[in-house]
Every structure is written in structure tokens, then in C-alpha cells.
Amino acid sequence: MKLENGIDLDTIVPENELEEEIIADLKSGRSKEVITRCPPEPSGYWYIGHVKAWTINFETAQKFGGKTILRMDDTNPTKEDGEFADSYMADLEWLGFKPEKLVYASESYFDDIYKIAEKMIENGDAYVCELTAEEVSATRGTLTEPGKESPYRNRTPEENLKLFRQMRDGKFPDGSKTLRAKIDMAHPNINMRDPVMYKISRQHHYRVGDKWCIWPQYDFVHPMEDCLEGTTYSLCDKGFQDHRVVYEWFVQHGWGKKYAPKQREFSRCVLENVLTGKRWLKQVVNSGLVSGWDDPRFPTLVGIRRRGYTAKAVKDFVRSVGWGNTIEVTVPYSALEFYVREDLNKIATRAMVVLDPLKVVITNYEGSEEIEIDNNPNDENAGTHKATFSNVIYIEKEDFSLNPPPKYNRLVEGGIVRLKGAYIIKCNKVVFADNGDIDHLECEYIAGTKSGQDNSGIKCKGTIHFVSADNCFEVTIRDFKNLVKEEFKSPAKALADGTPIEEILEPNSMTQSTALAENFLKSAKVEDKFQFMRKGYYCVDKDKHDGHLVFNKTISLKDGFKPSGVATKF
RNA sequence: AGGGGUGUAGCCAAGCGGUAAGGCACACGACUUUGACUCGUGCAUGCGUAGGUUCAAAUCCUGCCACCCCUGCCA
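Residues numbered from 1 in each chain as written. Chains lettered and ligands numbered in written order. Predicted model: local features only at pLDDT ≥ 70, side-chain atom pairs only at ≥ 80, totals over all residues. Heavy atoms only, no water.

## Comments concerning the protein's contact with RNA strand B
Piece 1. Taken together, 64 residues surround RNA strand B, and among them Lys199, Arg350, Lys407, Ser451 and Gln531 come closest.
Piece 2. A share of 61% of the atoms of RNA strand B within 4 Å of the protein falls on sugar and phosphate groups.
Piece 3. A distance of 3.2 Å is found between a sugar or linking oxygen of RNA strand B and a side-chain nitrogen or oxygen belonging to Thr463.
Piece 4. Take the surface near RNA strand B: its biggest share by element is five residues, from helix H13 (residues 333-347).
Piece 5. Partitioning the surface near RNA strand B into residue classes produces 22 nonpolar, 27 polar and 15 charged. (Near = heavy atom within 4 Å. Polar contact = N/O pair within 3.5 Å; in protein donor to acceptor, adjacent residues only side chain to side chain. Helix = DSSP H or I, 4+ residues; strand = E, 2+ residues; numbered from the N terminus. Nonpolar A, V, L, I, M, F, W, Y, C, P; charged D, E, K, R; others polar.)

See below:
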């Protein structure tokens, strides 16, 4: 069966129950198309967790040739402000999602929603209640006992309408009255016990200013927004499962048309060892422990982006987690890291950078020569770049050992090692400084072993990276540890149990050092991603440090080196 | 008898009456001019539990158990 937009339904393979339901709805004619919405409340930055919601909403629509509307759910003037809308647009663009349009609920829907409320009053579905917040709470009942009906519940529609209009016109003080839905105070689902539809609150709103002193509440406003903009599937997390009946009640009583959106819920995705919650993150920002909301250690989208994570990696990750059956799913951080490495391996340009240099003098070589390095050995189209080999080079301190552990196949005294892209060298002498540290190594290169033209037949088990003294420059490296200590798998729970936040956070989660990078990296731009061979993935930060380029360590390479036996100090 | 939801490996997760997919993690191997990548192998006689129906049950039925969410004029 073909849809009007050209999508052939019979070729679509459903990946979860929702998609099966959508296909059935489309086939039966209940829905003509798929319209979803992305409804952030503009009150904070987005986290990795949001990506799941947006991916599901955008990609479900995409799959059926439908569209997704970005809707600022700005119905609460006390929490919201304008600074976030721009950041959401940037995040969405980074993620590669294109909303059909951007709407502000406050501007686009409040008038219509007000009219719906009046209509509901006329129909006897809503009433003005004069109970205080405390009284509403006290009469709501408990989990096991029914609530009590409000004494104002049975006013006539005429009275209610008059009062409601007076509420709107600012005739009553804040909190003195509410508009409530007339549902069922004895309903076993507490959300159905006459939920508040409008409250009175004289707050300046960042977009609609002082136009309103009454504000619609979530249970009422959300389904109405969905109806007004034609959403067919309102996909939210399982935290709203208990609100589905309320949603459906309002769709029926407030909207009442046969074209009705459906609310469906997926599970929230939580990562181990990741701190979320605006309140806590804000505290961390204010404490100066991190540089801001876009600190590379932060789980905000702006943070992980600065860290060097890719949108593809994050989306692949949330897709791998799936729709979910439980209210919340907790996934080890390594599950995300897998997708980060997977993507970076494909796209990151290889380069040689020595993080902790040890000087090596090639005693039987003079001058310098060009060598060629693959930009990405796994991608034939990635090309190559030039580096040099010369008589003075630097290797990693850890790539030389006076006292090697078993299976150590890097450089040792009297041993050989291949320099990536260049020659095999042999270590003849270790030169010590006065303090007993190694000052430098004296090595000889073995002629005829140059990369790509080696016919020496020499077998060399190790290959190490290096930079040549005449082809390197200093850069700053920032290395990060997880903000949260390893033992706190669920920082949210620890915090809830009263653990002080200082105890949860890693004290020195960022270290900064200087490294020697091959000159090729001089032209690197902010957000460019590299693999520093044998070390890890790094990306260029927006900061400069002492005039140096700054590289953030995104993630290390996997390290399969496991020396058997006990490794002594090396 | 408040209501709602969920139990499949260390973590996600498919499965919808025909004999337990897949991914992460882990462990070994192979390959390797990145100890990366890639490739191979292993990893639940078992699906919360006890019964029942059936030739056949993770799937159907009954009872029990465990865990999560819900008492904002937040979203």
C-alpha cells in the first residue's frame, strides 16, 4: 500500500510495537501521515538522554515520510527563558535533525487553548475551584483512598465561565483560584482526580510578556498542543505512562474530533557514572570545577560535542538501546564509547603525536628525509600526508623499557623496533642524566628497511610512533577522567541517599600537558578529529593555551596489551 | 484486592505455540608497519517462581514472588 507521500508501506519493516501500530493505523486509514513533535521546555541544556527522545520522534516520522515539529513547551513562566531556544536549534542541527518548523506554544497556542477551556466549561467538563493549593492537596486522597470532591465542583457553566473570565482578566490574586477538569475524585489513578487546568500567577513570560496571568498546566496543555498542530503520535518517556488516560480524556473532551493523536511511551536511557540533573550540574558549574555547560566532561550535548563525540555515535548508541520496556534503562558507559570509537575509527585522520617524549639520537644518520603517513589506513580515499625522519627524533617514554615485562615488543636495550612509516632502529646505548633518569637513547637506523621499500627480511615485532625534531611543534593536551568516581554507578541515587556531591566527584578530572605533534597538525581547526596513533582520539578545542593549539582527548584506543606474568616497573 | 508498569546472560535486547536472534562487556586465538581496526571461537539445557493445558510453552491459563512509577497550582 502506497502513502500519499510516496512511501510504500509494504516495504517498511517495523522495529518496535509502535511502528507496527503506525502501519496498522495507516492501513486502516486512522492516520493519513505521521507527525511527531519534539517538545522541550526551554529551561536547560540538552543531555545525552534527550537524544533518545529526539531520535525516536524524528526517525519514526522520517521512516514514514512524515514530519516533526519543534515546539517550545514554554507554559511555565517561572522556569523558562529565551537563551535556550538557540542552543536547541544548534543541537538539533548537530544531530542532523530538521524540524518541519519551530513554534512557541505560548505564542501559537495559548489563545486557542483558552478557547478550548471555555468550551469545556460550557460543556460542564471544567469548573473554577477556590480551594488553596494546600486544600487541593489535602482533598486529593491518597494512593489507597479516594479524594473528596471540591465544594465548588457543581457550579453552573454560566458561573464558571464568568469566574474564569475574571481569572483571565486579573480580578483575583495569584493562587486564589484554579480551573479544574471535572473528571472523577475517586478515580484509582490520581492524575484523574480533577487535575488543574489553569493556575493564576502574575509572572512575566520571556515571550508573551504580561499578556496572561493564567497559565495552562501540562496535563491539559500538552494534548491540546498536540491536537492543534496535528501531531499523530506523541512520543514521550515512560514517566508519563500514568498520564495517558488523562491525555486521552482531554483529547476526547477538549478536542473531541475524530482525528486524535496517540500518546506512546518509551523507556528513559540512563548511563552509568553520569551525573545529570540541572540542579547538580549547575552546582558543579558554579563551583568552578568545570569551565561551563560545554565543558568536555559534561553530559550536555554541547559538552560531548566539545569532547569530540560525534552525533552519529550518539544516535547509533541510542538506537542500539532500543525502544525499551521498563521505565528506565541503565547502560554502562562503555556501550556509548563503543559507538564513539566505531565512528571515529572511520573518520579520524591519523597523526603522530608524542605525549611524553624521550629523545632518540640516530648516530648513523645525517640530515632528514620525507616519509608518508596514511591519513586513514581503513579508508583508501583518505590519502596520505608527509612527515619526516631525521637524526634526532622523539618517541614515547613508555615505548622504551630497561626492564621489559613479558611480551613487551617495543624498544629495549640492544633491541629493535620499527618506527611507523620510517626505518627499523636498534638501540645501542642508554645515556643517563646526572640524576639517574634516562637522558636520551643512542640508536642506529638499519638501511634498507624504509617503510614500503623494505627488502631486508628483518622481522620486527613492534612498531612505534615518533616525531622528528625538525618536524614537530608543541601542543597542549587535555586529558579527562570521568567527572563521577567509578564506584558511583548511579550518582543520582547516591545524591538522593544524601551523599554529598563533593564525595561523588573525581577531584582531578582534567589534566593538562604538553606534547610534541607533527607539523601536519598545525593547520587543524576547531572540532577537527584525529587519531593520535597508538594513543587515542583527540579533537581540537576552541581554547588556545599559551598560544598552543589545545587538543581534547575524546577517548583512548582500546589497549589489548596484557603482559603475562607480573610486570615490573618499566 | 489503590492504579499503572516490568521480570530472557554482568548490561541492553529480539522472540508473539515448533525447540533461546543480535549488540555491549568479558575470555581466548588469527592477522597487523597503530598491542588499534578486522576476523575467528567461547559465553542462558535456560526465559522471576510454582503448577496447569499441549505431541510441543519464554510464548497460552492459574497462583505466587520481586522490582519500578504515581498523592506539583512542574513538565
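## A look at the packing of helix H12 (residues 311-321) against H13
Piece 1. Interhelical geometry of H12 versus H13 gives an angle of 135° and a closest axis separation of 8 Å. It follows that H12 is oblique to H13 by the angle criterion. Regarding H12 and H13, the two cross each other, and that crossing is right-handed. Between H12 and H13, the contacting residues are Lys312, Ala313, Asp316, Phe317 and Ser320 on the first element and Ala335, Leu336, Tyr339, Val340, Glu342 and Asp343 on the second.
Piece 2. Partitioned by chemical class, the residues of the contact of H12 with H13 number six nonpolar, one polar and four charged. (Axes fitted to C-alpha atoms, helices over the stretch in contact; angles between N-to-C directions. Parallel < 35°, antiparallel > 145°, perpendicular 65-115°, else oblique. Left-handed = near helix turned anticlockwise from the far one by under 90°. Contact = heavy atoms within 4.5 Å.)

## Here we look at the environment of Glu527
Piece 1. Tracing the backbone shows Glu527 in the loop between strand E26 (510-518) and strand E27 (529-532).
Piece 2. Taking the relative accessible area as the measure of exposure, Glu527 reaches 31% and is therefore partly exposed.
Piece 3. In the structure, Glu527 is positioned 25 residues away from Asn552 in sequence and 9.5 Å away in space, judged by C-alpha atoms.
Piece 4. When near neighbours in sequence (up to four residues on either side) are disregarded, Glu527 contacts Arg305, Cys539 and Val540.
Piece 5. Side-chain polar atoms of Glu527 contact the side chain of Arg305, separated by 3.1 Å. (Buried < 20%, exposed > 50% of the residue type's maximum accessible area, 1.4 Å probe, protein only.)

## Let's talk about the sheet that holds strand E20 (residues 416-419)
Piece 1. The mixed open sheet is built from seven strands, whose spatial order is E23-E20-E21-E22-E14-E17-E24. The open sheet has two edge strands with one neighbour each: strand E23 (463-464) and strand E24 (467-468).
Piece 2. Sheet analysis places E20 next to strand E21 (residues 424-432), joined by three bridges and oriented antiparallel. Bridge pairing links Arg418 to Ile424 in E21. (Pairing = 2+ DSSP bridges.)

## Here we look at the sheet that holds strand E5 (residues 178-181)
Piece 1. An order of E4-E5-E6-E7 is seen for the four strands of this open sheet, with the pairing classed as antiparallel. The sheet is open, and its two edges are formed by strand E4 (126-129) and strand E7 (214-216), each paired on a single side. Mean inter-strand twist for the sheet, computed between neighbouring axes without regard to direction, equals 20°.
Piece 2. For strand E6 (residues 196-200) and E7, the ladder comprises three bridges, and the chain directions are antiparallel. Bridge pairing in E7 links Ile200 to Ile214.

## Let's talk about the nonpolar core
Piece 1. With 70 residues, the main nonpolar core has Trp54 and Leu275 as its most contacted residues.
Piece 2. Among the elements that line this core, the one with the most residues is helix H2 (residues 48-63), at seven residues.
Piece 3. Leaving out residues up to four positions away in the same chain, Leu275 has contacts with Trp280, Leu281, Val284, Pro299, Val484, Pro491, Leu495, Ile501 and Leu505.
Piece 4. Core analysis: the next-biggest nonpolar cluster, separate from the first, contains 42 residues, Ile35, Val128, Met167 and Ile200 among them. (Core = buried A, V, L, I, M, F, W, Y, C linked by side-chain atoms within 4.5 Å.)

## Observations regarding helix H7 (residues 157-168)
Piece 1. Here H7 contains 12 residues, and its C-alpha end-to-end distance of 16 Å stays within 8% of the 16 Å for a straight helix at 1.5 Å per residue.
Piece 2. All buried positions along H7 are accounted for by Asn160, Leu161, Leu163, Phe164 and Met167.
Piece 3. Contacts from the buried residues of H7 go to helix H5 (110-122), E4, E5, E6 and E7. (Expected span 1.5 Å × (residues − 1).)

The quantities given are spatial measurements derived from coordinates; they are silent on function.
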